Each structure stands twice: as C-alpha cells, then as structure tokens.
Protein chains: 2
Amino acid sequence: MSLNLITAEGLEPVSPLWLRERTQDPEQLDEVTTQRLFDSHAIDVNLELTAARPVDETHVEFTFSDGHCEVYDLTMLAHELQGITPFPKPESWDASIDQQAQRVDWEKMGNNEDFQKALKAYLRFGYIIVQNVPTDPERILEVAGHFGYVKDTNFGSYFEVYSRPTGNDLAYRSVALGPHTDNPYRDPVPGIQMLHCLVNETTGGLSTLVDSLNALKQLKAEMPEGYELLRTTPVGFRFLDAGTELTTRRCVIRENSDGEPIGVNYSPRLDHLPHMSLENTRRYHQARQRLGQLFQDPANEIRFQLESGELMMFDNTRVLHGRTAFDTNEGHRHLQGCYMDSDGPRERFATTLMRQRQQQAQQENREEMA
Amino acid sequence: MSLNLITAEGLEPVSPLWLRERTQDPEQLDEVTTQRLFDSHAIDVNLELTAARPVDETHVEFTFSDGHCEVYDLTMLAHELQGITPFPKPESWDASIDQQAQRVDWEKMGNNEDFQKALKAYLRFGYIIVQNVPTDPERILEVAGHFGYVKDTNFGSYFEVYSRPTGNDLAYRSVALGPHTDNPYRDPVPGIQMLHCLVNETTGGLSTLVDSLNALKQLKAEMPEGYELLRTTPVGFRFLDAGTELTTRRCVIRENSDGEPIGVNYSPRLDHLPHMSLENTRRYHQARQRLGQLFQDPANEIRFQLESGELMMFDNTRVLHGRTAFDTNEGHRHLQGCYMDSDGPRERFATTLMRQRQQQAQQENREEMA
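What this report covers is the structure whose coordinates are included nearby.

The rules behind these values
Residues numbered from 1 in each chain as written. Chains lettered and ligands numbered in written order. Predicted model: local features only at pLDDT ≥ 70, side-chain atom pairs only at ≥ 80, totals over all residues. Heavy atoms only, no water. Buried < 20%, exposed > 50% of the residue type's maximum accessible area, 1.4 Å probe, protein only. Helix = DSSP H or I, 4+ residues; strand = E, 2+ residues; numbered from the N terminus. Pairing = 2+ DSSP bridges. Contact = heavy atoms within 4.5 Å. Buried area = accessible area lost by both parts, 1.4 Å probe. Salt bridge = Lys/Arg side-chain N within 4 Å of Asp/Glu carboxyl O. Polar contact = N/O pair within 3.5 Å; in protein donor to acceptor, adjacent residues only side chain to side chain. Nonpolar A, V, L, I, M, F, W, Y, C, P; charged D, E, K, R; others polar. 1 Å grid on protein atoms, 1.4 Å probe; cavity = no way out; pocket = protein on both sides within 12 Å on 5 of 7 lines; lining within 4 Å. Points joined across faces, edges and corners; volume = space filled by probe spheres on them. Axes fitted to C-alpha atoms, helices over the stretch in contact; angles between N-to-C directions. Least-squares fit on C-alpha atoms with pLDDT ≥ 70 in both. Phe/Tyr/Trp six-rings, centres within 6.5 Å; stacked < 30°, edge-to-face > 60°.

### Considering the pairing of strand 12 (residues 207–211) of chain B
Residues and elements named next belong to chain B.
- Buried residues dominate strand 12, accounting for five of its five residues.
- Along strand 12, one buried face is formed by Ser207, Leu209 and Asp211 and the opposite face, lined by Thr208 and Val210, is buried too.
- In this sheet, strand 18 (residues 301–304) lies alongside strand 12 in antiparallel orientation, the contact comprising four bridges. For Leu209, the partnering residue across the bridge sits in strand 18 and is Ile302.
- Two strands pair when backbone bridges link them, and strand 12 and strand 20 (residues 319–323) are joined in this way by five bridges, in the antiparallel orientation. Among the inter-strand pairings, Thr208 is bridged to a residue of strand 20, identified as Gly322.

### So, the interface of chain A and chain B
- Chain A puts 84 residues into the contact, and the matching count from chain B is 83 residues.
- Here chain A and chain B share an interface that buries about 7,100 Å² over both sides, 49% of which is from carbon and sulfur atoms.
- The largest share of the area that chain A buries against chain B comes from A:Gln35, A:His41 and A:His275, three residues that together contribute 11% of it.
- Our count for the contact surface shared by chain A and chain B stands at 12 salt bridges.
- The interface formed by chain A and chain B includes 40 residue pairs in polar contact (both at pLDDT 80 or more).
- In terms of residues, the side of chain A that touches chain B owes the most to one element, helix 7 (residues 278–296) of chain A, which gives seven residues.
- Here the residues of the side of chain A that touches chain B are counted per class, giving 31 nonpolar, 25 polar and 28 charged.

### A word on the layout of surface pockets
Residues and elements named next belong to chain A.
- The calculated volume of the second largest pocket comes to roughly 800 Å³.
- Around the second largest pocket, the lining is made up of 45 residues, and of these Leu177, Gly178, His180, Arg269 and His321 lie nearest the centre.
- Going through the elements one at a time, strand 9 (159–161), strand 10 (177–180), strand 11 (192–200), strand 12 (207–211), helix 7, strand 18 (301–304), strand 20 (319–323) and strand 21 (333–340) are the ones with two or more residues in the lining of the second largest pocket.
- Tallied by class, residues from the lining of the second largest pocket come to 20 nonpolar, 17 polar and eight charged.

### Details of the sheet that holds strand 18 of chain A
All names here are of chain A.
- Sheet architecture is open: four strands sit in the order 10-20-12-18, paired in antiparallel fashion. The sheet is open, and its two borders are formed by strand 10 and strand 18, each paired with just one other strand. Averaged over neighbouring strand pairs, the angle between their axes works out to 15° when direction is ignored.

### Here's the deal with the sheet that holds strand 14 (residues 244–250) of chain A
- Spatial ordering of the open sheet is given by 14-13-17 (chain A), a layout of three strands whose pairing is antiparallel. Each having just a single partner strand, strand 14 and strand 17 (271–272) of chain A make up the two edges of the open sheet.
- In terms of strand pairing, strand 13 (residues 235–241) of chain A meets strand 17 of chain A through two bridges, oriented antiparallel. Considered in strand 17 of chain A, the bridge of A:Phe237 is made with A:Asp271.
- Packing of helix 8 (residues 344–369) of chain B onto the sheet brings it into contact with strand 13 and strand 14 of chain A, and relative to strand 14 of chain A it is tilted by some 135°.

### Things to note about the environment of B:Thr233
Residue and element names in this part refer to chain B.
- Assignment of secondary structure puts Thr233 in the loop between helix 6 (224–232) and strand 13 (234–241).
- Owing to a relative accessible area of 13%, Thr233 belongs among the buried residues under this scheme.
- For Thr233 and Thr203, which are 30 residues apart along the polypeptide, the C-alpha to C-alpha distance reads 41 Å.
- Not counting chain neighbours up to four residues away, the residues in contact with Thr233 comprise Arg250, Cys251, Pro274, Met276 and Tyr284.

### Points about the relation of the copies chain A and chain B
- You can overlay chain A on chain B at an RMSD of 0.1 Å; the transform is a turn of 180° with a shift of 0.0 Å along its axis. Interpreted geometrically, this transformation is the action of a two-fold axis.

### Comments concerning the packing of aromatic side chains
Residues and elements named next belong to chain B.
- A full pass over the atoms with the stated rule returns 20 aromatic pairs over all chains.
- Between Trp93 and Tyr127, the aromatic rings sit 5.5 Å apart at their centres with planes inclined by 55°, giving tilted as the arrangement. Within this pair, whereas Trp93 is found in the loop between helix 2 (74–81) and strand 6 (103–105), its partner Tyr127 is found in strand 7 (residues 127–131), the two being separated by 34 residues in sequence.
- For Trp93, a relative accessible area of 4% gives the class buried.
- Note on Tyr127: relative accessible area 1%, which makes it buried.

### Quick word on the side chain of B:Glu310
- Of note, B:Glu310 is situated in the loop between strand 18 and strand 19 (311–315).
- Excluding residues that lie within four positions of it along the chain, B:Glu310 makes contacts with B:Arg103, B:Ile129, B:Val130, B:Gln131, B:Leu195, B:His196, B:Cys197 and B:Gln305.

### A short note on the pattern of salt bridges
- Taken as a whole, this structure holds 50 salt bridges over all chains when the rule is applied.
- A:Arg36 serves as the salt-bridge partner of B:Asp271, at 2.7 Å between the closest nitrogen and oxygen. With B:Asp271 in strand 17 (residues 271–272) and A:Arg36 in the loop between helix 1 (16–21) and strand 3 (49–56), this residue pair bridges two chains. Residue B:Asp271 shares its accessibility class with A:Arg36, and that shared class is buried.
- The salt bridge partner of B:Arg250 is B:Asp187, with a shortest N-O separation of 3.7 Å. One end of the pair, B:Arg250, is in strand 14 (residues 244–251); the other, B:Asp187, is in the loop between strand 10 (177–180) and strand 11 (192–200), with 63 residues separating them in the sequence.
- Taking relative accessible area as the criterion, B:Asp187 reaches 34% and is therefore assigned partly exposed.
- Several salt bridges converge on common partners, so that one network encompasses A:Glu21, A:Arg22, A:Arg36, A:Glu80, B:Asp271 and B:Arg288.

Structure below.
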C-alpha cells in the first residue's frame, strides 16, 4: 500500500515516514505548542502503510505498521507537498518599479490590514518607505520593534549618520557612496536596515536603491562562468577601528537552502579578492566589475530624496543602498539608522494572517448570533 | 614578470589584481578606517606587474602597468596566502574533555589576559562555564554584553526557564530535553546561547552538552551517503504560538563558506522530513536517527549540575544542549537565558589582542625611557 502524489511525470510515492511524522493527532501533539510529544527520529526505518480508508473528500484514515491509526486532513499535506505558503514570493524589479506602491503611512501601521499590506510590499520587493514617522531621536527603535527585532552591532543598537570627518566608516562623511551592503564582515550579516531621516537641508545626498536579484539575473545571462565563481568562492571582508577588528569570508552571491539567489555581500571598499589561478582571478574580477556596473545602471536603480520624517527599510543584502555626495555648507543632514534580523517581517506577516482569521471568526460568530 | 608562491607542488603565480587590491599605501587608504579610498573593482582586468625591486628582507617595491608603484610588506601578504590568522581553530571534543579548563571566573573577566583565555577556550571548544556570576535578575545581559551582542527574539531579550505547565515551549516544563539546538526556525538562527542559573534546589535537571563536530565526524565515517543527504537537503522547522508563526527550511548540517562542518540545526520536535524518494527518505531518516544516538552517547556527552551563580555560554548550533528531568516537588529551579550573535566573541578576542599589543608597546616605551 502506498500514498502517491500525481505529478506531470506520473505517480510519485510519498514515504510513510514522511506521513507518520506529520501527525495531526491531538494526542501526539502538545496542545499549546503543537510540538510533537514523541521523538519522530525513533520511528522504525521500515515503517509501512497498512491501510487507508477515505472519510470524506479531504480526509483519509491511515493505519501504519507500528499500530498507529489516524485521520489526516489531506489539504494540509497537499499544500506542503506543493510548496504552497501564505508568504509573498520575492519579485525582482528595476527602475520602472511603482515607487508610490512602496510607500506606507506610519500612522496606519496599527491597523492590521494596512500593516499586512506594508509587509507584503516589503517581502515582495525588499524595501518600503515609511512616511509620517515623527523625527524625535530613537523613534527608529519603535518602528523597528513594530516590524521585527533590532540587531545590536559594534555601532550600537542604532547609529547616527551625519558628516563627521573622523568617523570610523566612510558612511560618516559627505562623499558619495556607491551601492553596497552593510557589514558583510559580520556573522550574521544584518538582514534588514532602517534609515530614518530627521533633518535634510541639503539638495544632494540623494538615496539610491537597486535590486540585486535583477542585476544577478543579468549577470548570469552575460557571464555564467563569472557568476559561478561569485556564487562559490568565499571572499574576505574586513572592518577595523580603534577597538574592533572583524574579518569574515563569504561568497558574494547569497543563496537560500534551495540554491536560489537571495542577495549579495557586496562592499567594494571592504572586500579582498581570493587567491586563485591567474585565469580565475581575471574572470572573477571581470564578473564583480560587471556586477558593480549593473548595480549603478540607471535602468536598474531608483534615486530619491529621503525627506525629514521618512524612513526607509530594506533587505540589507537583497536591495543595495547608496547615496550621492552632498555639500555640508548647504545645511544639516541627519539620519538615524539601525539593523534588524531578517525574519521579523515574515513573523509579523504570519501574525497579521492569524489576526485576520480571528477577526473573520469573530465576525462570523456575530453574524450567527444575530 | 610575476609574483609566485612556493608551494609543495611548485611555483604558484599570484595575480597582479590580487596584489594591487591589497595596497598598503597610506595614500590609498583612509587613515582612520584603513578602508580603500579607490574602487578596486574598477582596476583594469589586464593589469600587469612591470617591475619588482627588493628593499630589504621582507619588503619589495612593485610597479604596475597602471603606473602605481609601492613598497609592500611581504610578511602580511604571506600570512594571508597561508591562511594564518590569530583566531583559535575549533577542536572537536568528547566526554573526556578537561571540563575544569572550560571554567572561567566572572570576577576576572575585566582582566585582559583572563578574558582572552576565556574567549580562546570558547572559540576552540564551543562552550565555557562562567562562575561567580551574581544571581540578581538581568545580570545575564551584562555578561552577554561583555562577550558580544544580545540577540532579541520572540522570547524577548532574555527569557525565564522554570517549570510552567502552559509555557509556549517544552523547555518550560520539567520534562527531560534531549540534545538539540534552539530556534532552528529563526533566520538567522541564534549563534550563541547563555543560560544563567539563579536557583537550583532540585537534584535532577542536570545540564548536558555534546559537540556536534565530534558526532558529525563519526556519522560521516559510518554513513557517508546519509551524511551527504543531511548536508544538502533542506528540512522544514516550525514554531507556533498564539501570536507567532515561524517556519524556515535549512539543512541539518551547517557548513562554513569553505564547506567545513561548523554545526547542526537539530530539533527532533520541530523538524519535518523533506519529501524525497522512498529510498532517500529511509536513508535520511536512518542518518538522523544515528546522529541522534551519537548525540546521546555517554562517550560523547558531558553532564553536570549547573549551580546557582554559574552561567553556561555555548555555540548554539555547534554544541547541543539538553537537560535531564527534574522533580518540582524537590524545590525551585530557575534559570535565565538569552541569545547572542555568533561573532561577538571573535570580535572581543581581536580586541584583547589589540589591547595586548598596546600594553606591550607601552611597556617597551617605558623600558626605553628608563
């Protein structure tokens, strides 16, 4: 007896081990945590399915050779096998992205529907601009806490960005900064960055953003061998100041566990070419040079003035950020920045879905009562 | 003209691109940050070395085809090419580890030499026990801040571990917990965990620790195919409570960018077998079953009573932790825990080296003056 998945290629057997581990039986799961109460790793490796009895259109009762018998909801199993999740998938973008759709209002972020929409925009495109954020100091930490979890670094829980001639990073000068990811020398690399504009009296200092997923697609098509080197060869990144030295080695192209590109580690001032053959070094250098050009191509990049009271939140390794030069004589320019862990927005998104379901259930209850 | 590295296999050419990017020229580097002031990605891909002139035993002046000419300290280049770093390398351990050598005194952690020794023990073996930590609440955050950076999660900046029948995780019961890693469903997974014992009046609730690097070595020798599946097949991990749903997919065996194992994502109550062929599912299940046995093998595991005033700090994915069951009738058992990012201790270790060099320089200065 076997459970099968119907695919384009025909029947695909589903392992009884896979099925047994996915118990939906309330007696085998902790009520509060839904964590399994038994050690699924101890299941007999030769477990078999001995009987299957349809209960209704979406439920089947399965019996296993270890004696366990339970009714499964097939919809849940099918969703998992088909990789269906409620999370929005990343979509790559270029300069033609609808920038207005990425703007959200801080004053509405307490509303579940608006918050969900904002999170969806972030998860799909890797950045949003939050408007109407009061410009008092440390407000950024409140915004960060709403969207996820602040990540402390050697720069503190948040950092000030204004022109300081002796700052410990070039970000603290008035020079232009090409597109880059922050802190590629940290482990873990900050997943998300927020930049909150408190004051901007300069006409320069424009913010630039570019989607690495889009540039990587172009690079892969143009230089498959170079792409492969950037994907597989670890590079050294290094940060140094009076009290801190941080070095790490990681590949320029970041992938998820399925081998799909999810971003880059890219910082032309902090990276160090790996030692390879003369031929591969040239190929590697050429590929990263081209990648840098694609990142700065006006067809890929968006460029805007971040106004006082606006805060941008972006996936630090997916969406590269930069800044044009500015003239400190024109006036003050003061931003506050902070880092966050990657998974906050996904967690919050799941929470908005839960709240939505609860609200719908309450609504239905009320209608039934009426 | 070319620069060559002498290896066991003969001469290995070093790319002029590699050399040019490693400029040590003060005029090409920012004075404060030592970050490069030029964009090394823009260097001509056909750059050549046109002249080399020895200055002394360890210095050579190189001239490049782009006109740049500078004197390099060869020692620095050689160290990098040979992969020499000041950081201690991980060494796998089993039950015979010298547990006394892993114990450090909180009262001495202000001393640079003692702190360095503690960090070295942690970086080599993946855990230390800090003694004499005052048992007032939140003290754990001070200790964490000394060793690195606290990582906030859905459990807060720190969490309380005592018996709560309705806690949102099985860690908050009095049941035994097998060896596992925490929060494999988060992205990033917490790099380090601290557990601080405030009260322990029970005779049970012993802490267990096991080095995954040691178990992985055994698994690889016994079941190379199963090891390969655990290394390359992403598994689903899931956490759920009233307000949070977190799911992620990652491989059980974690590797660094050089493909060396550095730990595992292992939590038998939270993982979900991937859908694979019947044959691979069996092979996968068998390998994780065996891995679980190796983790619980007394020959691999250490087991001890964490006393009031003691704090254990361990690499969350390298050194698995567990706990024997305890009897709440015997008395109170209260721990506080927190997570930290991976790279804090490495950063602190680099800082102790810097401070050591400064102290030596001051000492030499004083001797010269005398």
